[in-house]
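What follows is each chain in one-letter form.
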Amino acid sequence: MNETRRAIIEAIADGPVSGPELAERLEISRAAVWKHVDALRADGFEIEGKADGYELTAVGPYNGPTVEFGLEAPFEVEYHDSIGSTNDRGRELATEGAADVVVLADEQVGGRGRLEREWSSPSGGVWMSVVCRPTIPPAEAPLYTLAASVATARTAREAGVDARIKWPNDVVVPVGEDGDYRKLSGILTEMEGETDRVEWLVVGIGVNANLEAEDLPEGSTSVSEEANDVDRRVFVQRLLEEFESLRSDLETVVPAWRDLALTLGQRVRVDRPGGTLEGEAVDVTDTGALVVRTDEGRTTVSAGDCEHL
Ligand code: BTN
């Protein structure tokens, strides 16, 4: 959001402020104040013009400016009612040099999952991609993916869902006691870099938020099905704030991930590039690789598709 508009909306959120007062505080003309107020109204902010000044009375629909308003994390939000894939748009922005931009959409018509799977993304979910330019080596990039899954699980838990994490980064809701689950969210991280340096990461986060059972793929669940519909604007803000706090202190990511893990202690089958592995998931390493105890001993798996047995 434009800095002047951000200053106006923040000023009038706490009570009425007159046009002349805003003009003086922001060192702009009264006509410019009026134009910005009009633009803010067009973005969906409800602003009453009273005798004692302008006052924000309600924050409108789910879009870029409303998500940015009140967001306590340094992201710019680019919103689309409908898009192919927010990750594709994120990659475009990353290639152009963008950093800390979130591409957010109400609906994706070409949503992509891991391992070239399709990702169903109807209107009502939270579909977004965060463009990051961290100064880390590629080996630490998985920590960003784990941070996204922890941030998502924490936000879903605040919304009343018993969200846990299945290695590496699916946010799931347990069904019964034996490791079964329904999937609530998935993360798809894409990266560009050299051997010793990440250039950019696009962290794609999909959450089945306000979706009903009949709109969900088999084996999935949603925040609405597990708890209640959420205000997606607030949900996205909380998720981004959690993500920001984790990525600012990468050492906190793996301990936070362990606290929410459903996979640890489970018998697992992991399909990985080198073949299939079966055993008990006993831990994760500092960079989020899964440690599996098999009949032959302990093995560390850094990437793969994991199934709870
Ligand atoms: C998976 O579990 O397979 C990962 C799913 C990732 C889906 C998200 S939705 C937002 C972003 N845009 C995409 O096309 N995919 C990711």
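Residues numbered from 1 in each chain as written. Predicted model: local features only at pLDDT ≥ 70, side-chain atom pairs only at ≥ 80, totals over all residues.

Looking at the overall build of the protein chain
Basically, it comes down to this: A helix here means a DSSP run of H or I that spans at least four residues, while a strand means a run of E at least two residues long, and both kinds are numbered starting from the N terminus. For the radius of gyration, the atom set is restricted to C-alpha positions; the globular benchmark scales as 2.2 Å times the number of residues to the power 0.38. Residue burial is a threshold on neighbouring C-beta atoms within 10 Å of the residue's own C-beta, all placed from the backbone, with 20 or more meaning buried, 12 or fewer meaning exposed, and counts in between meaning partly exposed. A residue pair is marked as a contact if its C-beta atoms, positioned from the backbone, fall within 7 Å.
Along the backbone of the protein chain there are 9 helices and 14 strands. Taken over the C-alpha trace, the protein chain has a radius of gyration of 22 Å; the compact-globule value for 309 residues is 19 Å, and the two agree within 12%. Principal-axis analysis of the C-alpha atoms places the extent of the protein chain at approximately 75 × 45 × 30 Å. Going through the 309 residues of the protein chain one by one, you find that 42% of them count as buried. Of all intrachain contacts in the protein chain linking residues separated by at least 6 positions in sequence, the fraction that spans at least 24 positions is 58%.

A closer look at the site of the ligand
Selection rule: By convention here, the C-beta atom is placed from the backbone, and a residue is near a molecule or strand when that atom is within 6 Å of it. Basically, the charged four are Asp, Glu, Lys and Arg, the nonpolar ten are Ala, Val, Leu, Ile, Met, Phe, Trp, Tyr, Cys and Pro, and anything else, Gly included, counts as polar.
If you check the shell around the ligand, you find 21 residues, and the closest are S85, G113, G186, G204 and G206. Contributing elements (two or more residues each) for the shell around the ligand: helix 5 (86-95), strand 5 (126-132), strand 8 (181-194) and strand 9 (197-207). The class makeup of the residues in the shell around the ligand is 6 nonpolar, 11 polar and 4 charged.

Focus on the environment of T57
Note on placement: T57 falls in strand 2 (residues 53-58). C-beta crowding within 10 Å serves as the criterion here: with 12 such atoms nearby, T57 is assigned to the exposed category. Between the C-alpha atom of T57 and that of W119, which follows or precedes it by 62 residues, the distance is 37 Å. Those residues in contact with T57, other than ones at most four positions away along the chain, are E46 and E48.

Let's talk about the pairing of strand 7 (residues 170-174)
Threshold: Here, a strand pair is defined by DSSP locating no fewer than two bridges between the strands.
For strand 7, the buried fraction is high: 4 of the 5 residues fall into the buried class. Of the pairings in the sheet, the one linking strand 6 (residues 164-166) to strand 7 comprises 3 bridges and is antiparallel in character. Across the sheet, the residue bridging to K166 is D170, located in strand 7. Strand direction decides the pairing type here: strand 7 and strand 8, joined by 4 bridges, are antiparallel. Counted as the bridge partner of P174 is Y181 from strand 8. Taking the residues that link successive antiparallel strands as the turn, the strand 7-strand 8 hairpin has 6 residues, and the phi of G176 there is positive, at about 75 degrees.

Regarding the sheet that holds strand 13 (residues 297-301)
To be explicit about the condition: All axes are obtained by fitting lines to C-alpha atoms, using only the stretch in contact for helices, and the reported angles, taken between N-to-C directions, cover 0 to 180 degrees.
Spatially, 5 strands are ordered 13-12-11-10-14 in an open sheet, and the strand pairing comes out antiparallel. In this open sheet, the two edge strands, each paired with only one partner strand, are strand 13 and strand 14 (305-308). Put simply, the sheet's adjacent strands are angled 45 degrees from each other on average, direction ignored. Relative to strand 12 (residues 290-294), strand 11 (residues 275-284) runs antiparallel, the two sharing 4 bridges. Bridge pairing in strand 12 places E280 opposite R293.

Here we look at the domain arrangement of the protein chain
Here is the rule we go by: In this entry, domain limits derive from an automatic or database-based domain assignment.
The domain architecture assigned to the protein chain consists of domain 1 (3-58), domain 2 (64-260) and domain 3 (267-308). Computed over C-alpha atoms only, the centres of domain 2 and domain 3 are separated by 23 Å. Counting from both sides, the interface comprises 13 residues of domain 2 and, opposite them, 9 residues of domain 3. Going through the elements one at a time, helix 6 (141-158) and helix 9 (253-260) are the ones with two or more residues in the side of domain 2 that touches domain 3. In the side of domain 2 that touches domain 3, the residues fall into 9 nonpolar, 1 polar and 3 charged.

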